[in-house]
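Topology and contacts: notes
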Amino acid sequence: MNPITSLGELIKQAISKFMSATGVDKNVVEELIRGIQRALLVSDVNVELVMKLSEKIRNRTLTEKVPPGISKKDQIIKIVYEELISLIGEKPYKITIDKSKQYVIMVVGIQGHGKTTTVAKLANYLKKLGYSVGVVCADTFRTGAYEQLRQLLDGKDIPVYGLPEERDAITIATKGVECLSKQKCNVIIIDTAGRHKDQQSLMQEMKMLEENIKPNEIMLVLDGTIGQQAGAHAEAFHKATPIGSIIITKMDTSAKGGGALSAVAATGAQIKFIGTGEKLEDIEVFNPQGFIGRLLGIGDIKGLLERVKIAELEFNKERLKSFTSGKFTLEDFIKQFKEMKKLGPLKKIISKLPLPGLPNIPDEEFEKVETQIEKWSAILLSMTPEERKNPHIIDSSRIRRIARGSGVTEKDVKHLLQQYNLLKRMIKSIKRSPLKLPKRMFSAELGE
Ligand SMILES: Nc1nc2c(ncn2[C@@H]2O[C@H](COP(=O)(O)OP(=O)(O)O)[C@@H](O)[C@H]2O)c(=O)[nH]1
Ligand SMILES: [Mg+2]
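Residues numbered from 1 in each chain as written. Chains lettered and ligands numbered in written order. Predicted model: local features only at pLDDT ≥ 70, side-chain atom pairs only at ≥ 80, totals over all residues. Heavy atoms only, no water.

1. So, the packing of aromatic side chains
To keep it simple, the criterion reads: Classification of ring pairs uses Phe, Tyr and Trp, with its six-membered ring standing for Trp, and accepts pairs whose centres are within 6.5 Å; under 30 degrees between planes counts as stacked, over 60 as edge-to-face, and the remaining range as tilted. For the purposes of this entry, the term helix denotes a DSSP run of H or I that reaches at least four residues, the term strand denotes a run of E that reaches at least two, and both are numbered from the N terminus. Note on exposure labels: buried denotes an accessible area under 20% of the residue type's maximum, exposed denotes more than 50%, and partly exposed covers the range between, all computed with a 1.4 Å probe on protein chains only. Lysine and arginine charges are scored as sitting over a ring when NZ or CZ, respectively, is within 6 Å of the ring centre and within 35 degrees of the ring normal.
In total, this model carries two aromatic pairs according to the counting rule given. Residues Tyr 93 and Phe 273 carry aromatic rings whose centres are separated by 5.5 Å and whose planes lie at 75 degrees to one another, so their mutual orientation is edge-to-face. One end of the pair, Tyr 93, is in the loop between α4 (72-88) and β1 (103-108); the other, Phe 273, is in strand β7 (residues 270-275), and 180 residues separate them in sequence. Side by side, Tyr 93 and Phe 273 carry an identical accessibility label, which is buried. Taking 5.5 Å as the distance between ring centres and 75 degrees as the angle between the ring planes, the aromatic pair formed by Tyr 125 and Phe 273 counts as edge-to-face. Residue Tyr 125 is located in helix α5 (residues 115-128), and its partner Phe 273 is located in strand β7; the two are separated by 148 residues in the primary sequence. In this structure Tyr 125 comes out as partly exposed when scored by relative accessible area, which is 24%. Put simply, the rings of Tyr 93, Tyr 125 and Phe 273 touch in pairs and so form one group of aromatic residues. Positioned over the ring face of Tyr 131 is Lys 99, at 4.8 Å from the centre of the ring.

Shown next, in the form of structure tokens:
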């Protein structure tokens with residue numbers, strides 16, 4: 001099996017094990033943390049970072065109070081997610097380059113990581129957004145570097161500056177910026193060499209370029225597949241020239257880009273774009289949520305959080321216990337509906353529950369249930385605490401009073417009591433499978 005595919009599996013295993021645990025104690029949390037550590041290490045996140053992250057998750061889990069309305073488990077999953085997100089920034093990058101000023105971007109990175117391709121992609125991307133863009137080839141090491149850039153941008157109406165005979169990168173970059181500036185280019189992107197006689201002279205060249213050109217931004221291009229080395233690469237470049245932003249390439253391959261987390265930690269720079277293929281169009285603004293989801297092997301983190309909640313409904317053994325022991329109160333009954341409602345439209349939730357042979361329920365029925373929940377909540381508010389605990393004491397005169405108090409008809413009140421009794425009887429008869437519960441609940445007659 002591909003070890004990278006197994007990463008997602010590892011984290012899913014850790015999470016589902018956590019979800020199915022009966023309670024949440026220190027051991028259960030520790031086991032979840034270990035599972036996540038394993039998964040992150042497999043995805044090339046640097047060991048030190050993984051340890052720091054675990055410590056934060058552990059601390060928050062032990063000290064933070066659970067806000068009302070969510071369970072401890074919910075809270076822990078959210079903490080894990082939030083801590084990962086906080087490493088790389090909450091929101092997708094928003095381009096704020098001013099169209100009326102000159103803005104010079106210097107792109108650096110190791111040979112083969114995708115610098116030249118990225119320079120072309122970025123130029124094309126910004127041009128489409130209405131910027132006037134020009135690029136400079138200051139890579140004097142790779143033969144045909146200028147030609148490569150020209151070919152990539154062929155027919156795109158983006159000027160490409162190069163001096164194939166010139167050996168000095170600083171001369172080319174200086175002249176390039178001058179020339180493109182005269183052509184009224186607002187954004188000027190400089191491609192640089194990624195290899196030299198040795199690493200030290202490469203870093204020296206980057207430093208000299210930065211001092212002479214004084215770019216507005218230095219972007220580091222990192223190959224998403226390189227894993228653990230990412231942190232060290234980023235650090236080396238950052239020492240020579242302050243890295244302001246990062247682009248992770250080759251995210252279309254099996255790369256999970258876990259190394260990117262280490263690179264961000266080493267530079268404090270923001271990941272702005274990702275490369276998702278070899279073509280000019282294959283560039284996307286970086287989206288932290290999608291990235292963390294991918295890193296965790298879970299495509300869509302919102303979906304995960306939703307699944308966490310649904311899993312909660314399925315696994316809530318405490319509640320199941322009170323169901324089957326007959327302690328299921330009227331309040332529990334309405335709480336159950338309200339909790340499900342929090343997840344979104346009922347229809348969507350039902351479709352996600354693993355219920356084989358669920359009858360096809362028409363939309364009107366769902367709407368009926370939803371308006372009913374509103375009514376029932378109002379009815380509940382008009383009841384005395386005693387009535388809520390022991391609904392069997394509610395006789396016809398009490399029904400009348402409750403109906404008046406909550407602005408519904410007596411029939412509505414009777415209906416609620418009927419549904420509650422029906423469900424209570426049904427619950428008593430369910431001995432084993434909790435999954436039968438919602439199915440029968442919803443196939444029970446609604447309304448009339
Ligand atoms: N699949 C994939 N390949 C990429 C991506 N970006 C660059 N490449 C490929 O990586 C190789 C090296 O790219 P190049 O731009 O020449 O790297 P440089 O040496 O850093 O300038 C080329 O074959 C590119 O087509 C990407 O996002 N996805
Ligand atoms: Mg290149």
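2. Considering the environment of Ile 190
This is how the line gets drawn: The contact definition used throughout considers only heavy atoms, calling two residues in contact when any of these lie within 4.5 Å.
Position of Ile 190 relative to the elements: it lies in strand β4 (residues 187-192). Ile 190 gets classed as buried once you look at its relative accessible area, which sits at 1%. The spacing of Ile 190 and Tyr 161 is 29 residues in sequence and 9.3 Å in space, taken between C-alpha atoms. For Ile 190, the contacting residues outside a window of four places in its chain are Val 104, Ile 105, Met 106, Val 107, Val 136, Ala 138, Ala 173, Val 177 and Ile 213.

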